[in-house]
Amino acid sequence: MRTIPHVQHDELPFQDGTVSRYICLMFIVAMSVVLGAADAQTARQARAEVEASMLVTGHVEIDPAGHVVSHTLDQPGKLPPYVVDLIDRAVPSLRFEPILEQGVPVAVRSKMGLRLVATPAGDGDMRIRLRSAHFGETAAESEASGVRALDMKPPHYPESIARMGGKGIAYLLVKIDRDGRVEDVVAEQVNLTAIGTLSEMDRIRNALSRNAVVAARRWTFSVPTEGEDADRGYWVIRVPVEYTLHDDRETEYGAWSAYHPGPRLQPDWARPVPEGFSPDALATGAVAPEASRFRLLTPIEG
């Protein structure tokens, strides 16, 4: 068994009053989006489970030994300085399995998605940490060797859920056959951005899950024509589907948002979840392969 070094740069408590008050506001906003008359016990439980969250994207350069030699962040000017500082200290310590091409380790470049979360640390402070990450191919590398979307008509918003004020993101696992059609699909996880009673949130999760799955069954794709996966019997991809109400303001890149994370579902036809990965490390609107050749040896979360 290989010993994995522990990375201690992925948590950072903030005592800065402005930062703490700003992130705490995300929790207040989340709690103001209440569905129906949530009872006190459910409200307390919901507050304990809501997270302030941010998705940061960029790229990493990895040397033949699997070490990160450099990284860049997309639109760094839109990110809070303390977020940039946390990432700048954490990412260089990551270690990957060496990437082999024809049996020889090579230097590679990978896309990067990082999910940061903020939770109360007591005394008005907030604790910021990296919770999950996704590393994948650049578009140019995966053009002919990966699955590409042909027709992905978005689902219609369930009217009953819209009237409740229900909203969130359904992260789908989609199994695609050799004809480019959807053979099977499940909602791997559904995270909510509106809080209610346990029964209300279950109803919303189930409705968004069913709605996204029904729409996904009609999608079509172009399957790989070259590469080592071209001869597979099927392919699996991940697709986030976001449900927002018409009067919602779109969360800007670099801004904190609040949501209630849901349970994870793993179908038997999907591969095990990679180390340090969570579906919410994917950007909405993206199509990502189920598995990536970029495999972490160091934990992303301490």
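First things first, this report covers the structure right here in the doc. What you see is a predicted model; the values in this text were computed from it and never measured. (Residues numbered from 1 in each chain as written. Predicted model: local features only at pLDDT ≥ 70, side-chain atom pairs only at ≥ 80, totals over all residues. Heavy atoms only, no water.)

Remarks on the overall build of the protein chain
If you tally the helices and strands in the protein chain, you get six helices and 16 strands. In the protein chain, buried positions account for 49% of the 302 residues. Looking at the protein chain alone, contacts between residues at least 24 apart form 79% of all its contacts between residues at least 6 apart. Accessible surface, the protein chain: about 15,200 Å² in total, of which carbon and sulfur atoms supply 51%. (Helix = DSSP H or I, 4+ residues; strand = E, 2+ residues; numbered from the N terminus. Buried < 20%, exposed > 50% of the residue type's maximum accessible area, 1.4 Å probe, protein only. Contact = heavy atoms within 4.5 Å. Areas by Shrake-Rupley, 256 points an atom, 1.4 Å probe, with all protein chains shown as cover.)

So, the pattern of salt bridges
Pairing between side chains of opposite charge can happen when the charged atoms of each approach one another. Scanning all chains against the criterion turns up 11 salt bridges. A single network of salt bridges, built from pairs that share partners, joins Glu-188, Arg-238 and Arg-264. (Salt bridge = Lys/Arg side-chain N within 4 Å of Asp/Glu carboxyl O.)

Notes on the packing of aromatic side chains
In total, this model carries two aromatic pairs according to the counting rule given. An angle of 85° between the planes, with centres 4.9 Å apart, marks the rings of Phe-96 and Phe-135 as edge-to-face. Taken together, the residues span a long stretch of sequence, with Phe-96 in the loop between α3 (81-90) and β5 (99-101) and Phe-135 in strand β8 (residues 125-136) at a distance of 39 residues. Comparing Phe-96 with Phe-135 shows no difference in burial state: the two are buried. Seen in terms of ring centroids, Tyr-157 and Tyr-243 are 5.5 Å apart; in terms of plane orientation they differ by 85°. Their pairing is edge-to-face. One end of the pair, Tyr-157, is in the loop between β9 (148-151) and α5 (159-164); the other, Tyr-243, is in strand β14 (residues 235-243), and 86 residues separate them in sequence. Since its relative accessible area comes to 23%, Tyr-157 is described here as partly exposed. Positioned above the aromatic ring of Tyr-234 is the side chain of Lys-175, whose terminal nitrogen or guanidinium carbon lies 4.3 Å from the ring centre. (Phe/Tyr/Trp six-rings, centres within 6.5 Å; stacked < 30°, edge-to-face > 60°. Lys NZ or Arg CZ within 6 Å of the ring centre and 35° of its normal.)

Comments concerning unusual backbone geometry
Phi angles above zero are rare outside glycine, and Gln-75 is one such case at about 45°. Taking relative accessible area as the criterion, Gln-75 reaches 42% and is therefore assigned partly exposed. In this structure, Gln-102 is a non-glycine residue whose phi angle is positive, near 55°. The topology assignment puts Gln-102 in the loop between β5 and β6 (104-106). Its relative accessible area of 85% is what places Gln-102 among the exposed residues.

Purely geometric numbers; function is a separate question.
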